[in-house]
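Summary of structural features
Here's the letter readout for the chains.
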Protein chains: 2
Amino acid sequence: MSDTTGKATSGHQSTRSAIDRLLSPQSIVMIGASNKVANIGGHVFANLVRAFDGPVTPVTPRDEAVQGVAAYKSVLDLPDPVDLAVVAVPARHVPGALQECADRGVGGAAVITAGFAEAGEEGIALQNQMTDVVARTGLRVIGPNCMGFMNLWGGVMANFALPPTVPLPPPGPVALVSQSGGFGSYITTKAMLAGLKLGWFVSTGNESDVNIAAVLRYLVDRDETKVLMVFAETLRDPDVFIDAACRAAELDKPIVLLKAGRSDAAAKAAMSHTASIVGSADVLDAVCRQYGVFVVSTMEEMLDLGTIFQDGRRVTSRGVGIMTSSGGAGVLLADAASAQGLEVPEIPTDEQEAMMALMPEPFYGSLTNPVDTTAQVVAMPESFAKVLHAVGESRVVDMVAPVIWAVPGPQTDSVIEFYQGTDKPVALTSTAWLDELQVVGIPTYTDPHRAMHALGAVADLSLRTLEIVDRSAWQPNQERVTKARELLNRHAGHRSLLESTSKELLALYGIPVTQEVLVESPDEAVGAAEKIDGPVALKVMSYDLPHKTEYGAIRLGLRGADAVRTGFEEMLAEVATKAPDAARQGVLVQQMVPARFELTAGIHDDPVFGPTVVLGLGGILIEILSETAMLRPPFTFQTAQQALAGLLGGRLVEGGRGLSDTEQQAVAAIMVALGELALEVPEVTEVDVNPIRVADGAVCAADALVVVGQQS
Amino acid sequence: MSDTTGKATSGHQSTRSAIDRLLSPQSIVMIGASNKVANIGGHVFANLVRAFDGPVTPVTPRDEAVQGVAAYKSVLDLPDPVDLAVVAVPARHVPGALQECADRGVGGAAVITAGFAEAGEEGIALQNQMTDVVARTGLRVIGPNCMGFMNLWGGVMANFALPPTVPLPPPGPVALVSQSGGFGSYITTKAMLAGLKLGWFVSTGNESDVNIAAVLRYLVDRDETKVLMVFAETLRDPDVFIDAACRAAELDKPIVLLKAGRSDAAAKAAMSHTASIVGSADVLDAVCRQYGVFVVSTMEEMLDLGTIFQDGRRVTSRGVGIMTSSGGAGVLLADAASAQGLEVPEIPTDEQEAMMALMPEPFYGSLTNPVDTTAQVVAMPESFAKVLHAVGESRVVDMVAPVIWAVPGPQTDSVIEFYQGTDKPVALTSTAWLDELQVVGIPTYTDPHRAMHALGAVADLSLRTLEIVDRSAWQPNQERVTKARELLNRHAGHRSLLESTSKELLALYGIPVTQEVLVESPDEAVGAAEKIDGPVALKVMSYDLPHKTEYGAIRLGLRGADAVRTGFEEMLAEVATKAPDAARQGVLVQQMVPARFELTAGIHDDPVFGPTVVLGLGGILIEILSETAMLRPPFTFQTAQQALAGLLGGRLVEGGRGLSDTEQQAVAAIMVALGELALEVPEVTEVDVNPIRVADGAVCAADALVVVGQQS
């Protein structure tokens with residue numbers, strides 16, 4: 001058991017946090033323990049007793065002893081304070097039981113009982129009573145409506161995820177946190193088959209108190225935990241989640257997240273079964289990317305990554321060595337490597353020659369990489385082992401992907417011996433999982449693409465450059481904030497600001513905007529137009545006319561004094577006819593800027609993660625191409641550049657007609673500026689800069705809308 | 001055994017095709033049979049003998065008898081003609097052995113030996129000798145460098161994919177065709193674990209004669225074959241492949257294709273191990289979509305689809321009923337259903353009420369769909385069975401997706417009983433495969449997304465509308481062909497036609513082009529401009545100036561006689577300076593058309609599939625968005641519309657700012673016209689219409705380039 005956190009081994013409850021006592025207890029009481037092992041109360045108690053070294057005390061009104069252990073009628077009767085209470089009594093008795101736990105000095109409770117917020121009004125009321133106890137007493141609570149938790153390092157089987165008859169695996173470096181107990185148990189079962197070594201499985205259920213983020217934050221600091229897997233339906237505490245992600249990145253411990261409830265149908269199902277509120281899946285993905293969390297699409301992908309991460313191996317290049325006796329498998333693996341951005345470098349000639357000496361004569365395979373030994377070598381176990389070593393030891397290879405048929409024998413033995421002797425990551429493609437391999441912990445995949453997906457993740461983890469900015473350490477520019485607030489105050493009383501005001505605010509943050517002047521008369525317009533290069537646009541500024549085009553409140557491409565004057569007069573006449581009651585704050589005389597293409601940028605207020613900076617293609621394409629880059633402020637210029645480079649598979653920044661280096665930097669600077677604006681002036685709840693016109697190395701905001709919420 | 005093709009049961013060789021005699025033989029000889037079962041010659045012979053009902057005769061120079069069967073020294077010594085010769089002698093002896101087979105009236109040969117085109121110059125020469133024998137004699141040959149084939153319906157185990165000691169499974173409805181023998185055997189092994197019932201596995205290796213397409217074309221007509229799975233590295237005979245796909249669509253037999261060699265690294269590997277030439281993966285995908293072939297990305301996806309297709313069940317709606325005891329699994333399944341375009345319809349109230357009567361009291365699950373029984377019901381096997389029936393029989397449910405833990409017992413029995421009593425497709429999510437389930441053939445998936453992917457494919461297969469046009473029945477419009485050829489003849493001598501000529505050709509095919517007139521003088525230009533609405537463009541037409549902009553050979557947005565005249569003169573002066581030697585074919589006075597956005601369309605000549613019509617976003621975006629719709633002519637207007645609707649996830653035709661109905665029809669008409677042009681005038685090898693300007697219900701080709709190849 002680890003003691004670096006000073007938690008698990010400390011005997012003094014007073015020095016330990018309540019969540020530590022809850023999850024790493026030294027004494028346990030079970031309220032609702034039963035002699036019937038077929039019931040949940042009996043099942044969980046049997047699990048607790050079989051695994052835990054310390055005292056496990058049953059509480060039940062019914063029996064004098066439970067499964068041979070003397071029982072108490074109430075937790076209040078316990079002679080000593082206890083760290084963890086496991087609660088499996090009918091829902092209506094739960095709030096009272098928790099109050100008694102608090103009164104008796106229990107650290108925390110795991111409430112397995114269902115029938116709370118997921119079960120209609122009566123259940124909601126009961127759950128509210130639970131949260132009242134938590135708020136009043138400081139007792140920490142996991143659940144209700146969960147499957148409890150498993151802490152194999154501490155011998156705590158406070159769950160019914162596994163029957164008491166199934167042998168417990170030895171503790172491993174992987175921690176699984178799942179809102180859903182049932183699916184968490186499904187994953188646990190699958191993980192054991194796949195050779196994934198779990199140390200923890202915590203299900204959080206309705207999350208009346210402790211949620212996924214809190215559990216993650218607790219587990220990430222524990223030495224024995226090296227990999228964290230999360231199955232979430234909602235994220236209730238985004239700041240703690242991000243804090244956990246930052247700490248995980250700092251400690252080089254990967255977090256793998258599977259998020260359910262992405263579609264409407266699924267969100268509805270999630271709400272019905274754990275009373276969850278579901279946020280935007282796109283924003284979640286973006287935040288995870290920003291803070292280094294691996295988001296997967298399927299459960300098997302989660303297990304696949306957990307499996308490759310658990311031995312903690314890392315790489316310094318993206319070069320993978322493929323070894324197979326089937327050329328077809330080699331081709332598929334090379335395909336899959338390419339799809340993951342991995343390289344299949346040619347084995348150097350001298351190394352190939354050394355391998356050739358091991359090959360049968362004549363040899364019809366290939367030793368370049370993929371190394372295709374052909375079926376000839378399958379019957380030559382010694383050569384197989386030597387070639388595997390040669391591929392693994394190649395100076396151009398940083399990861400190894402062998403292929404075998406799942407048949408115990410000399411080939412399997414060679415793979416085991418090779419894996420144990422190397423520190424390079426190995427992803428084995430095999431027709432099936434094989435006990436011999438999984439006991440040793442060799443990451444094994446039943447499909448070539450899954451093997452390469454796993455190696456790709458190791459490369460991503462090893463070679464990534466995360467620049468995480470600590471939000472609490474971030475300092476606003478007070479001078480700029482003062483100016484921005486002055487500007488907003490001058491235009492107070494309107495939630496949607498005028499284009500002219502919006503762009504003044506953007507300009508204050510250094511965002512390039514069109515040259516423009518707000519004027520009252522035709523003469524002023526002509527004077528303003530003369531100072532602007534090229535043709536101008538005229539736009540009526542009016543809080544009453546957010547959609548200018550339909551009222552004729554816009555003129556484009558005017559050149560020369562006559563055109564400007566005529567345009568001004570005709571425009572006002574048209575507006576006077578079409579919108580006679582509209583008040584007018586002036587006419588904007590605006591530079592027209594060229595565009596090779598258009599982008600859009602803005603601030604979007606996500607219900608879960610708060611203000612987020614969004615960048616996408618602009619103009620008409622904003623609807624046709626829904627893909628955007630999103631960043632949660634604060635973030636660095638480099639992070640903005642990376643996000644931009646990741647958009648549309650990188651094609652926006654590649655090739656002759658995409659964004660040039662200068663243009664990329666200008667766009668990244670706009671993203672950083674919008675992030676600063678969002679943090680410094682939180683009353684700005686929405687910004688929409690559309691289009692940003694891009695041409696000849698320059699970018700320019702041609703139109704913009706700022707929306708102000710309640711001023712704080 | 002099936003006899004509808006009149007092949008497998010016919011005793012008269014003269015009435016049977018050579019490929020039928022090869023793959024469904026009634027007598028077999030093995031050249032290179034050996035007494036050493038560890039050798040390939042002994043391994044294959046043992047396999048042949050154990051499975052085949054008819055005579056299997058060994059040929060070997062070494063022994064009097066092989067594995068107890070009297071042997072011959074040469075195939076020439078055989079007393080009777082034989083259908084199939086299996087050849088496993090050293091490469092240098094193979095051409096001679098094949099000649100002897102032909103001389104003795106053998107139908108065809110499966111050559112397992114390696115060391116041919118994949119193995120350098122000497123091997124290439126040997127393979128050429130083999131193809132000479134084929135060309136001269138009509139003997140059909142599978143291989144060389146393959147693993148042979150397995151025809152379980154005919155008892156032909158002409159392969160070393162399975163050891164003679166592994167019991168043979170009963171024949172099933174799925175046929176696997178794989179270029180790679182090794183990976184085919186890997187798939188065969190995995191398929192048997194997954195409960196996929198194979199009837200055929202044919203490996204084609206170097207494809208010196210019979211290739212994947214030919215095998216598919218043979219197997220698709222066989223009654224016992226209901227599903228075809230293909231692992232291909234290259235497609236050597238696209239017309240036969242398409243013919244097989246058309247026949248499969250006609251017979252409602254799905255083909256599932258896994259294509260290797262998509263990336264450069266993989267293509268290199270493929271070329272080295274079976275000497276394959278690899279075509280464009282994008283065109284292959286498009287052709288498969290057009291002809292109803294399911295393209296998958298991974299081997300496990302191929303098996304997943306094979307598994308769901310093998311019971312032949314179909315649906316009439318996309319509604320799926322999800323039943324689980326884990327709410328979390330339900331949410332993931334609903335997510336996955338949505339990702340596959342499936343619906344999770346709410347179970348009608350009366351049906352929910354009937355289910356509620358089976359539930360424990362209090363019940364904390366949900367019966368809407370996903371039906372979440374919670375873990376309460378796991379302990380109530382009778383209720384589990386009844387709810388499963390109720391979900392399956394719901395009038396809104398056309399497919400059923402239950403979830404179980406892979407534990408033999410009453411739940412598993414219920415699933416078996418339910419599956420056998422319904423004709424709705426069932427995709428079971430289970431922690432693992434289970435013999436009980438796989439023997440019965442219940443499609444079983446270890447991940448929720450894989451289960452839904454399979455059901456999505458069944459829905460796609462059941463509900464698709466394929467309008468396949470038979471190329472051989474397609475009739476050209478002779479009058480139009482004559483006019484097109486006259487036009488091309490008038491401009492003969494240049495491979496790249498002028499814009500003006502290119503658009504004349506397009507106009508002949510009914511494609512809307514800009515109004516434009518080719519003129520010689522400023523006066524003519526002014527006269528032409530007067531007849532065109534709005535501003536005009538001037539473009540110098542010159543074979544010497546394909547890139548007009550850099551020579552100043554273009555003027556845009558000219559309004560009025562003065563502007564046109566001045567523009568004309570200035571332009572010619574600039575060209576005279578910048579390209580003094582350029583000959584000039586005239587100046588094009590061209591209408592300028594508005595654009596809400598731009599598309600591009602064209603004809604691309606694929607090295608494998610020939611001329612293909614391509615449609616994508618135009619202008620600058622053609623590079624940033626590489627996604628295009630591609631169709632192989634001939635195709636119908638409706639097929640073009642479907643392809644357009646499938647582009648960019650459907651967003652191009654949806655929402656307020658995408659293509660309107662009228663615009664979609666106009667674009668589809670352009671695609672059809674380009675397809676007709678490609679077929680009618682094959683000397684037109686490339687067409688690039690870019691941009692097609694789209695606005696206000698109209699589309700118009702604003703620029704175009706036609707390239708003419710060698711005239712036939």
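Within every chain, residues take consecutive numbers counted from 1 along the sequence as written. Going through the entries in the order they are written, you letter the chains from A and number the ligands from 1. Residues qualify for local features only when their pLDDT is at least 70, as the model is predicted, and side-chain atom pairs are given and counted only at 80 or more; totals for whole chains, interfaces and linings, by contrast, use all residues.

The next thing to look at is the environment of Glu598(B). All names here are of chain B. Note on conventions: DSSP H or I runs of at least 4 residues are helices, E runs of at least 2 residues are strands, and numbering of each starts at the N terminus. For Glu598, the position within the fold is in strand E24 (residues 597-606). To assign burial, the other C-beta atoms lying within 10 Å of each residue's own C-beta are counted, with C-beta atoms placed from the backbone; 20 or more indicates buried, 12 or fewer indicates exposed, and intermediate counts indicate partly exposed. Taking the number of C-beta atoms within 10 Å as the measure of exposure, Glu598 has 20 and is therefore buried. A sequence separation of 19 residues divides Glu598 from Leu617, and the C-alpha atoms of the two residues are 6.3 Å apart.

Residues and elements named next belong to chain A. With respect to the element layout, Leu258 can be found in strand E13 (residues 255-259). Residue Leu258 is classed as buried on the basis of its 25 C-beta neighbours within 10 Å. Here the alpha-carbon distance between Leu258 and Glu233, two residues 25 residues apart in the chain, equals 8.7 Å. Placing C-beta atoms from the backbone, we regard two residues as in contact once those atoms come within 7 Å. Setting aside residues up to four positions removed in sequence, Leu258 forms contacts with Val230, Phe231, Val296, Met299 and Met302.

Overlaid copies result from least-squares superposition on C-alpha atoms, with residues included only where pLDDT is at least 70 in both. Superposing chain B onto chain A requires a rotation of 180° together with a translation of 0.0 Å along the rotation axis, leaving an RMSD of 0.1 Å. What the rotation and shift describe, once combined, is the action of a two-fold rotation axis. By residue overlap, the copies meet face to face through one surface: 99% of the interface positions of chain B are interface positions in chain A.

All right, on to the interface of chain B and chain A then. Much of the literature gives interface size as the accessible area that the parts lose upon coming together. On the side of chain A, 72 residues touch chain B, which itself brings 72 residues to the contact. Residue assignment for the side of chain B that touches chain A shows that the elements contributing at least two residues are helix H5 (181-193), helix H8 (264-274), helix H10 (299-309), helix H11 (327-339), helix H16 (448-463) and helix H21 (621-624) of chain B. Among the elements that line the side of chain B that touches chain A, the one with the most residues is H11(B), at 11 residues.

Residue and element names in this part refer to chain A. Along its sequence, chain A is carved into domain 1 (13-232), domain 2 (320-463), domain 3 (467-513 + 594-712) and domain 4 (515-592). Taken over C-alpha atoms, the centre of domain 3 sits 26 Å from the centre of domain 4. Each partner contributes residues to the interface: domain 3 has five residues there, and domain 4 has eight residues. Taken together, the residues of the side of domain 3 that touches domain 4 break down into one nonpolar, three polar and one charged. Either an automatic procedure or a domain database provided the assignment from which the domain bounds are taken. Under the scheme applied here, ten amino acids are nonpolar (Ala, Val, Leu, Ile, Met, Phe, Trp, Tyr, Cys and Pro), four are charged (Asp, Glu, Lys and Arg), and all others, including Gly, are polar.

What links the strands of a sheet is backbone hydrogen bonding, and the strands pair in either a parallel or an antiparallel sense. All names here are of chain A. Ordered in space as E20-E23-E21-E22, the four strands form an open sheet in which the pairing is antiparallel. Unpaired on one side and paired on the other, strand E20 (516-519) and strand E22 (554-558) mark the two borders of the sheet. Taking each pair of neighbouring strands and ignoring which way they run, the sheet shows an average axis angle of 20°. Bridge count for strand E21 (residues 536-541) against strand E23 (residues 586-591) is six bridges, and the pairing is antiparallel. If you follow Lys539 over to E23, its bridge partner there is Leu588. Angular values range over 0 to 180 degrees, each being the angle between N-to-C directions of two axes fitted as lines to C-alpha atoms, with helices fitted over their stretch in contact. Lying on the sheet, helix H20 (residues 560-578) is in contact with E21, E22 and E23; it crosses E21 at an angle near 30°. When DSSP finds at least two bridges between two strands, those strands are taken to pair.

Here we take up the pairing of strand E6 (residues 108-111) of chain A. Residue and element names in this part refer to chain A. Here E6 shows two buried faces, one formed by Gly108 and Ala110 and the other by Ala109 and Val111. Relative to E6, strand E5 (residues 84-87) is paired through four bridges, and the arrangement is parallel. Each bridged residue has a counterpart across the sheet, and for Leu84 the counterpart in E6 is Gly108. Across three bridges, the pairing between E6 and strand E7 (residues 140-142) is parallel. Across the sheet, residue Ala109 finds its bridge partner in E7, namely Val141. We call a crossover right-handed when, viewed with both strands directed away from the observer, the connection leading from the first strand over the helix to the second proceeds clockwise. Viewed along the sheet, the connection from E6 through helix H4 (residues 120-137) into E7 turns out right-handed.

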